[in-house]
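One letter stands for each residue in the lines below.
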2 protein chains.
Amino acid sequence: MKNERQTEESQVEKFARYLQTNGMKFTKERRIILESAFATHRHFEVDDLLFQLRSNNKRVSKATIYRTLPLLVRSGLLREVHDDDKHTHYEHIYGHEHHDHLICLNCGKIIEFGNPIIESLQDEVCKQHEFTPVKHRYEILGYCRECVGKGHP
Amino acid sequence: MKNERQTEESQVEKFARYLQTNGMKFTKERRIILESAFATHRHFEVDDLLFQLRSNNKRVSKATIYRTLPLLVRSGLLREVHDDDKHTHYEHIYGHEHHDHLICLNCGKIIEFGNPIIESLQDEVCKQHEFTPVKHRYEILGYCRECVGKGHP
DNA sequence: TCTGAAATTGAGAAGCAATCGCAAAACAGG
DNA sequence: CCTGTTTTGCGATTGCTTCTCAATTTCAGA
Ligand SMILES: [Mn+2]
Ligand SMILES: [Mn+2]
Ligand SMILES: [Zn+2]
Ligand SMILES: [Zn+2]
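Rules used in this analysis
- Residues numbered from 1 in each chain as written.
- Chains lettered and ligands numbered in written order.
- Predicted model: local features only at pLDDT ≥ 70, side-chain atom pairs only at ≥ 80, totals over all residues.
- Heavy atoms only, no water.
- Axes fitted to C-alpha atoms, helices over the stretch in contact; angles between N-to-C directions.
- Helix = DSSP H or I, 4+ residues; strand = E, 2+ residues; numbered from the N terminus.
- Parallel < 35°, antiparallel > 145°, perpendicular 65-115°, else oblique.
- Contact = heavy atoms within 4.5 Å.
- Nonpolar A, V, L, I, M, F, W, Y, C, P; charged D, E, K, R; others polar.
- Buried area = accessible area lost by both parts, 1.4 Å probe.
- Polar contact = N/O pair within 3.5 Å; in protein donor to acceptor, adjacent residues only side chain to side chain.
- Donors = N, O, S within 2.8 Å, 3.2 Å for Na, K, Ca; no water.
- Tetrahedral: all angles 85-135°; square planar, octahedral: opposite > 155°, others 65-115°.
- Buried < 20%, exposed > 50% of the residue type's maximum accessible area, 1.4 Å probe, protein only.
- Domains from an automatic or database assignment.
- Phe/Tyr/Trp six-rings, centres within 6.5 Å; stacked < 30°, edge-to-face > 60°.
- Lys NZ or Arg CZ within 6 Å of the ring centre and 35° of its normal.
- Pairing = 2+ DSSP bridges.

**Quick notes on the packing of helix H2 (residues 28–37) of chain B against helix H3 (residues 46–55) of chain B**
Residue and element names in this part refer to chain B.
Move 1: Interhelical geometry of H2 versus H3 gives an angle of 105 degrees and a closest axis separation of 10 Å. As the angle between them shows, H2 and H3 are arranged roughly perpendicular. Counted together, Ile32, Ile33, Ser36 and Ala37 of H2 and Leu49, Gln52 and Leu53 of H3 form the full contact between these two elements.
Move 2: A per-class count over the contact of H2 with H3 returns 5 nonpolar, 2 polar and no charged.

Here is the structure:
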């Protein structure tokens, strides 16, 4: 298991470096949002952060959260995840192995999977089409074991 | 190449069957929307249909289009496609081989690819997790050859 | 430590796709 | 035709996200 403290410092450093490189300032609001985003180890959305911040008596406006999350994405700390909800979810990528998702259409459970063979086939597909990949969305939607057991098709 | 006329009739029949099975009526509005959706062979969105209908002097309200497209999806004629736009796009699936997409982040071009090996590996992943797949989203985002040629990263 | 140009924030307004409520219209079976 | 049901159109509404702009904060340099 990783050293939690060291990991967190690295996240801060990485974000600070990104901001500085782009002439942006590392404000206390951005720090609060960064910490909040990494306080959980699950997928989260804007309202999760808002709720968490209010529970801790931290004040950051919703607008600032909406402005900061894309910065965390561009800095390589987070990525967007598209569940079956209509609004955007996020997850950590910094310090995590790349993976994709199985999403239960009934209970919403998310199972993570990583398959190196698929990833390399994917690279081949891109080469065949002379396409330079940047990222991908790969979500398999269906029913988890529990929900199938309960009769969900 | 397929017989266009026969294919279209089949689409109508399939939709009619779906509607009847679910106690719904095959109204002229639904027929107009179905025909409009299959008049193009590209991905399309609600506003594309609206524009096309107005060009042909057909009147169907936006609300009805929004109500009908999900029916066309459930009946197995269309599926949703998630480009990098924020609103929903659709494409035909009835009478088309399954495929996924490479999407250019610069020019928006969409390249379709089908890879049976990936699809079967995907089935294996689901089996390993005792997950019953229904559908998947698989989009690779990056830059097409032309855009890379023009210096886009 | 002080200063000031530049960046950032907060609060609410605005934008926009998508959905909803409801009265009028269309439909289908008898 | 009649009658119960479904569907439509329209406008209003929702919910997420972005925008506007005055007030505040930041930080490099004096
Ligand atoms: Mn994940
Ligand atoms: Mn396609
Ligand atoms: Zn489930
Ligand atoms: Zn391109």
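**A closer look at the interface of chain A and chain B**
Move 1: Counting residues at the interface gives 35 residues for chain A and 35 residues for chain B.
Move 2: With both chains or domains summed, chain A and chain B bury close to 3,100 Å², and 66% of this area falls on carbon and sulfur atoms.
Move 3: Sorting the residues of chain A by area buried against chain B places Phe131, Arg137 and Leu141 of chain A first, and these three jointly supply 23% of that buried surface.
Move 4: The interface formed by chain A and chain B includes 16 residue pairs in polar contact (both at pLDDT 80 or more).
Move 5: Of all the secondary structure elements, the ones that give two or more residues to the side of chain A that touches chain B are strand S4 (100–104), strand S5 (110–113), helix H5 (116–128), strand S6 (132–143) and helix H6 (145–149) of chain A.
Move 6: Of the residues forming the side of chain A that touches chain B, the biggest block, 12 residues, is contributed by S6 of chain A.

**Digging into the coordination of the zinc ion (ligand 4)**
Residues and elements named next belong to chain B.
Move 1: Only Cys104 (SG), Cys107 (SG), Cys144 (SG) and Cys147 (SG) from the protein coordinate the zinc ion (ligand 4), and they sit 2.2 to 2.4 Å from it.
Move 2: One way to put it: the 4 donor atoms around the zinc ion (ligand 4) meet at angles of 101 to 115 degrees, and that makes the site tetrahedral.
Move 3: Expressed as a motif, the donor residue spacing for the zinc ion (ligand 4) is C-x2-C-x36-C-x2-C. Taken as a pair, Cys104 in strand S4 (residues 100–104) and Cys144 in the loop between strand S6 (132–143) and helix H6 (145–149) lie far apart in primary sequence, 40 residues in all. The pair formed by Cys104 and Cys144 is uniform in burial state, with each residue classed as buried.

**Points about the domain arrangement of chain A**
All names here are of chain A.
Move 1: When its domains are assigned, chain A resolves into domain 1 (1–96) and domain 2 (98–153).
Move 2: Listed as interface residues are 8 residues of domain 1 and, on the opposing side, 12 residues of domain 2.
Move 3: Approximately 750 Å² of surface area, both sides summed, lies buried where domain 1 meets domain 2, with 49% of it carried by carbon and sulfur atoms.
Move 4: When residues of domain 1 are sorted by the area they lose upon contact with domain 2, Arg79, His82 and Asp84 head the list and together hold 55% of the total.
Move 5: Our count for the contact surface shared by domain 1 and domain 2 stands at 5 residue pairs in polar contact (both at pLDDT 80 or more).

**Observations regarding the packing of aromatic side chains**
Move 1: Applying the stated criterion to the full structure yields 7 aromatic pairs over all chains.
Move 2: Consider the rings of Phe15 of chain A and Phe26 of chain A, whose centres lie 5.6 Å apart with planes at 80 degrees: the pair is edge-to-face. On the criterion of sequence distance, the pair formed by Phe15 of chain A in helix H1 (residues 4–21) and Phe26 of chain A in the loop between H1 and helix H2 (28–37) is long-range, its members being 11 residues apart.
Move 3: Residue class for Phe15 of chain A comes out buried when judged on its relative accessible area of 0%.
Move 4: You can call Phe26 of chain A partly exposed: its relative accessible area is 26%.
Move 5: Taken together, a centroid distance of 5.8 Å and an interplanar angle of 80 degrees make the contact between Phe113 of chain B and Tyr138 of chain B edge-to-face. Linking Phe113 of chain B in strand S5 (residues 110–113) with Tyr138 of chain B in strand S6, this pair joins segments that are 25 residues apart in sequence. Comparing Phe113 of chain B with Tyr138 of chain B, the two get one shared label, buried.
Move 6: Here a set of aromatic residues connected by ring pairs shows up, and it is made of Phe113 and Tyr138 of chain A together with Phe113 and Tyr138 of chain B.
Move 7: Geometry around Phe26 of chain A places Arg31 of chain A over its ring, the cationic atom sitting 4.5 Å from the centre.

**Considering the sheet that holds S6 of chain A**
Move 1: The 6 strands lie next to each other as S5(A)-S4(A)-S6(A)-S6(B)-S4(B)-S5(B), forming an open sheet whose pairing is mixed. Each edge of the sheet is formed by a strand with only one pairing partner; in this case those strands are S5 of chain A together with S5 of chain B. Neighbour-to-neighbour, the strand axes of the sheet open up by a mean angle of 20 degrees, direction not taken into account.
Move 2: Alignment of S6 of chain A against S6 of chain B, held across 11 bridges, turns out to be antiparallel. Bridge pairing in S6 of chain B links Pro133 of chain A to Gly142 of chain B.

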